Amino acid sequence: MPSCTSSAASSAKFFSLPSPSRLGLTEGAEVKGLSSSREIADDIAILTKFKPSHSEGEECNGPETISTAGSEIPSSSEGLNSTETTLLIPEHQVIDKRHQSKDSIFFRDGVRRIDFVLSYVDDLNKEWEKKLERRKEFESNLQKAGLELETEDKKESEDGKIFFVKIHAPWEVLITYAEVLNIKVPIRENDIPPMVENPLDCVLFPLRLPEKVMHPEPDYFTAPFSKDKQELYLINDESTFFSPSMRNRIVNYILTRCPYGTEEGKKKFGIKRLLNNGTYTAAYPLHDCQYWKKASDPNCDSERYTLYMEWARFLRFYKEQPLVLIRKYYGEKIGIYFAWLGFYTEMLFLAAVVGLICFLYGLFTMDENMSSKEICDPAIGGEIIMCPLCDRDCEYWRLNTTCEASQEMEPYLPLTSQAVRFCISGATVLFWVSLIIASMIAVIVYRLAVYAAFASLMENTQTLQPISGLLTPQLATSVTASCLNFVIIMILNFFYERIAIWITDMEIPRTHMEYENRLTMKMFLFQFVNYYSSCFYVAFFKGKFVGYPGAYTYMFNRWRNEECDPAGCLIELTTQLTIVMAGKQIWGNIQEAIVPWICNWWGRRKARNNPENLYSRWEQDHDLQTFGALGLFYEYLEMVIQFGFITLFVASFPLAPLLALMNNILEIRVDSWKLTTQYRRPVAAKAHSIGVWQEILNGMAILSVVTNAFIVAFTSDMIPRLVYYYAYSENEDSPMSGYINNSLSVFQISDFPERNEPKENPENFVICRYRDYRYPPDHERKYLHTMQFWHILAAKLAFIIIMEHVVFIVKFFVAWMIPDVPADVKAKIKREKYLTQKILHEYELEKLKERLCQGDKRATEKEFIATEGRMELSRAM
């Protein structure tokens, strides 16, 4: 059937819409006054105005079409309620949905594709008339912009409550805005020979997807579209030249800038504001078919079905991703996210192998470690009496009780208004960061307060005696504190996410990119402190400021600071990382997969009882979850936080990359599954990189070098062991024997002040040991640091400086060796640029020849020679 756009093009007119991004406003912002339109004439986006006649609409659509443009019968958006609308629709115009395919993505004429859908409920509340007026004005302006609308009455919907407005962008609108948005389209098929085949291709064949899935269409050279040079592009069919993702991007661009009236002296525009105030309930592009079966319409590519079968199922976890098809269906922004996530996951494989080797080496050599042998030996560790770990209630304990844990690896605004808004925003962020620090201090106080309680409970409870060797008071305190910290983290995240969005909206950023960057920095700063503060405490502060027996350091002059285990704090840091990292990944997958599935199942439970052909494509998508403009933001944030766990603290937990690898293999399939099956189709968006996240990742990579150097130097026992091995060992046959005794200082129990002295000393111990390098009680420098302490401190500082410099040199050398743009991509970019210039110059030359042949006096011979010269220069370049 012929399209209805040809006759409409003949009556083209123009009207102006303010471009929010150019006026310093985001979508939905307000422009004060109407008198300033002349002043901002240069900042106006031009939309084409079409007025199709009533007879033309009837001729194209047939007797069943309900036309709202140029018709004497108004739609519900033209000031009538749902009852009045139904009464005014003649009986022969009502569509019988039983004759309409469930998978239809076209208007009732079966020709015009549905590019976008708006939905609303005609609720009779006090805002009813105002909403009707807004819809009337908005839809009228959309039609003036050239878009074609078709309304489904609420009685045709599955629940009998929702109106659906289907939107189609005709060819004239598409080519106008393809030029405005600088959309690149094919000009010639790629003629660069393919790269030499990889000899490992035969080995990697099981990981490959079919060629028709990986490359659903030929590879083209592209150029920005120009409506005045349409003959330059490979336009075989106007209805399929622009992909559905390009079409919905164009329509969304119009929707976000279309005005809908003036309220309180302020001009209002944008679909986002209409969604926020309840005028419309949803706005979304359609999926092309059901995900579990192909569309019955042969004109539909059923790309959603292909993505589900080849990409979004977990059984395909070992297969490569169809990135070209993802980009074609969802747009560049989502395509780049999955390309980055896939590359990041591949790079985790090597780190996971190295971490697993380190873990297994430590596990298998644990029994051969001299320090572990001495700690576990009853004749050595069993005879060393350690000083109590808390005041009064804790008892003396023997060193070999820690045997199991000792080698274990772990619009425009005035400047004053902007200043006020930034001050409020900064103060809010500072308040929430302070709240995190306060909650972390509260958890530390909890650890200090309950340790004695756990020690007393385990000593006096007979049922816990059999497991007392495994479940020590230290471990019980660490595990419960980590779980409590994780709960606090998730609660603070829940509230801060909403606060961060609110204060960023209040700032009114100039562009959407600026909005995302500001929100990203706020959320990352908060989550960085929220997730990592407890890990930083265990890694760098716990056990570092405890004092010594008789002169302990107290928090708030009440709670004694925590000590590390004699073997170090690594085991506790590992516990903290495992609980927080694993808990976050489990909770994230529940939120991303299970919650949307339950919500969709609950929403579709009634529809399953209805005949399949009565549940239309737009209604099916309406019942899905909304991905939202910040959907990818949360995905990136989740991965960046994970990146921090596997880089900032990898020295203490070498299994972190393996856990991240396993999570990401699942994450790719969960993200693809939820996008393909549980969410409405996101609006396509343009992107050239992962944005500000790249700088954040670079910053975290640099910070991770510093944190791991400090973990190795100050949290682990590596440096003290090396110093003892090379400088203080007295046994040449077994250099590390005697290390444990050397690392523990002696304290005379009679020197305990009353505040610290244990209540009981049943075995009448005279001395106890503690972890430090201090002189014994009979030395003239009693309880002061020994020279070995300063040797170890100097060695730690030297190690940090050397490690940082070596790693940074290697990092920057590797970054210099690996190009940012691969050679084949660089060659394609150069070839594409050359072809674009060549084709455009040839086109100009042909036009100039035509003008010369037609006797155009303005087309001089010098201009012809200059054009030919440009072509030769382009060939040479």
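Cut-offs used in this document
- Residues numbered from 1 in each chain as written.
- Predicted model: local features only at pLDDT ≥ 70, side-chain atom pairs only at ≥ 80, totals over all residues.
- Heavy atoms only, no water.
- Axes fitted to C-alpha atoms, helices over the stretch in contact; angles between N-to-C directions.
- Helix = DSSP H or I, 4+ residues; strand = E, 2+ residues; numbered from the N terminus.
- Parallel < 35°, antiparallel > 145°, perpendicular 65-115°, else oblique.
- Left-handed = near helix turned anticlockwise from the far one by under 90°.
- Contact = heavy atoms within 4.5 Å.
- Nonpolar A, V, L, I, M, F, W, Y, C, P; charged D, E, K, R; others polar.
- Patch = residues over 30% accessible without salt bridge, like charges linked within 9 Å, V, L, I, M, F, W, Y side chains within 5 Å.
- Areas by Shrake-Rupley, 256 points an atom, 1.4 Å probe, with all protein chains shown as cover.
- Salt bridge = Lys/Arg side-chain N within 4 Å of Asp/Glu carboxyl O.
- Buried < 20%, exposed > 50% of the residue type's maximum accessible area, 1.4 Å probe, protein only.
- Core = buried A, V, L, I, M, F, W, Y, C linked by side-chain atoms within 4.5 Å.
- Disulfide = S-S within 2.5 Å.
- Pairing = 2+ DSSP bridges.
- pLDDT = per-residue confidence, 0-100.
- Phe/Tyr/Trp six-rings, centres within 6.5 Å; stacked < 30°, edge-to-face > 60°.
- Lys NZ or Arg CZ within 6 Å of the ring centre and 35° of its normal.

**Description of the packing of helix 13 (residues 332-364) against helix 21 (residues 656-678)**
Item 1. Put simply, helix 13 and helix 21 touch, their axes get as near as 7 Å, and they point 160° apart. When the axis of helix 13 is compared with that of helix 21, the two are roughly antiparallel. Judged by the twist between their axes, the crossing of helix 13 over helix 21 is left-handed. Packed against helix 13, whose contacting residues are I334, Y337, F338, L341, G342, Y344, T345, L348, F349, A351, A352 and L356, the element helix 21 presents P657, L658, A660, L661, N664, I665, E667, I668, D671, S672 and L675 at the interface.
Item 2. Its residues assigned to classes, the contact of helix 13 with helix 21 shows 17 nonpolar, four polar and two charged.

**Topic: a nonpolar patch on the surface**
Item 1. On the surface, a nonpolar cluster with roughly 850 Å² of combined accessible area is contributed by I802, V806, V810, F813, V814, W816, M817 and I818.
Item 2. Along the chain, F813 falls in helix 25 (residues 787-817).
Item 3. According to the relative accessible area criterion, F813 is partly exposed, its value standing at 48%.

**Topic: the nonpolar core**
The tendency in soluble globular proteins is for nonpolar side chains to be buried as a group.
Item 1. If you look at the biggest cluster of nonpolar residues, it comprises 80 residues, and the most contacted ones within it are W340, Y532 and F645.
Item 2. Looking at which element gives the most residues to this core, the answer is helix 17 (residues 512-540), with 15 residues.
Item 3. Apart from the residues within four sequence positions on either side, Y532 is in contact with Q527, V640, I641, G644, F645, L648, F649 and M700.
Item 4. If you look at the next biggest cluster of nonpolar residues, it comprises 42 residues, including V165, A169, I183 and F221.

**A look at the pattern of salt bridges**
Item 1. Enumeration according to the criterion identifies 23 salt bridges in this entry.
Item 2. We note a salt bridge from E842 to K838, for which the minimum N-O separation is 2.7 Å. Within this pair, E842 and its partner K838 are both found in helix 26 (residues 823-853), separated by four residues, close to a single helical turn.
Item 3. Its relative accessible area of 19% is what places K838 among the buried residues.
Item 4. One continuous salt-bridge network, built from bridges that share partners, spans R108, E150, E152 and K166.

**Quick notes on the state of the cysteines**
Item 1. Going through the model one piece at a time under the given rule, you end up with one disulfide.
Item 2. Here C289 is not disulfide-linked; the sulfur of C300 is the nearest cysteine sulfur, at 5.3 Å.
Item 3. According to the relative accessible area criterion, C289 is buried, its value standing at 0%.

**Here's the deal with the pairing of strand 9 (residues 259-263)**
Item 1. Relative to strand 10 (residues 266-269), strand 9 runs antiparallel, the two sharing four bridges. By the bridge assignment, G261 is partnered in strand 10 with K268.
Item 2. Here strand 9 folds back onto strand 10 in antiparallel fashion, the turn holding two residues, of which E264 has a positive phi close to 55°.

**Let's talk about the pairing of strand 5 (residues 148-152)**
Look at any regular strand and the pattern is simple: side chains alternate between the two faces of the sheet.
Item 1. For strand 5, the buried fraction is high: five of the five residues fall into the buried class.
Item 2. With burial as the criterion, each face of strand 5 is covered, one bearing E148, E150 and E152 and the other bearing L149 and T151.
Item 3. With five bridges joining them, strand 5 and strand 6 (residues 162-168) adopt antiparallel strand pairing. Bridge assignment links E148 to a residue of strand 6, and that residue is H168.

**Observations concerning the confidence of the model for the chain**
Item 1. Averaged over all residues, the pLDDT of the chain is 77; the fraction at 70 or higher stands at 79%.
Item 2. Here helix 3 (residues 82-88) stands out as the least confident element of the chain, with mean pLDDT 32; strand 11 (residues 282-284) is the most confident, with 95.
Item 3. Low pLDDT (under 50) marks residues 1-98, which in the prediction has 205 contacts with non-local residues, meaning those over four places away or in another chain.

**A look at the packing of aromatic side chains**
Item 1. For the structure on display, the rule yields 46 aromatic pairs.
Item 2. The interplanar angle of 80° and the centroid separation of 5.9 Å between the aromatic rings of Y120 and Y280 together place this pair among those described as edge-to-face. Taken as a pair, Y120 in strand 4 (residues 116-121) and Y280 in the loop between helix 10 (271-276) and strand 11 lie far apart in primary sequence, 160 residues in all.
Item 3. Judged by its relative accessible area of 0%, Y120 is buried.
Item 4. Y280 gets classed as buried once you look at its relative accessible area, which sits at 1%.
Item 5. Centre to centre, the rings of Y724 and Y739 are 5.6 Å apart; their planes meet at 65°, and the pair counts as edge-to-face. Placement of the pair is Y724 in helix 23 (residues 718-728) and Y739 in helix 24 (residues 739-743), with a sequence separation of 15 residues. Across the pair, Y739 and Y724 agree in class, each one buried.
Item 6. One aromatic cluster is present, built from ring pairs that chain together W311, Y337, F338, W340, Y344, F633, Y634, Y636, F643 and W693.
Item 7. One cation-aromatic arrangement involves R135 over Y120; the distance from NZ or CZ to the ring centre is 4.0 Å.

**Considering unusual backbone geometry**
Item 1. At S302, a position not held by glycine, the phi torsion is positive, near 55°.
Item 2. Relative to the elements of secondary structure, S302 occurs in the loop between strand 11 and helix 11 (303-310).
Item 3. Its identity as a non-glycine residue notwithstanding, N764 has a phi of 55°, on the positive side.
Item 4. Along the chain, the position of N764 falls in the loop between strand 18 (744-748) and strand 19 (767-771).
Item 5. Taking the relative accessible area as the measure of exposure, N764 reaches 61% and is therefore exposed.

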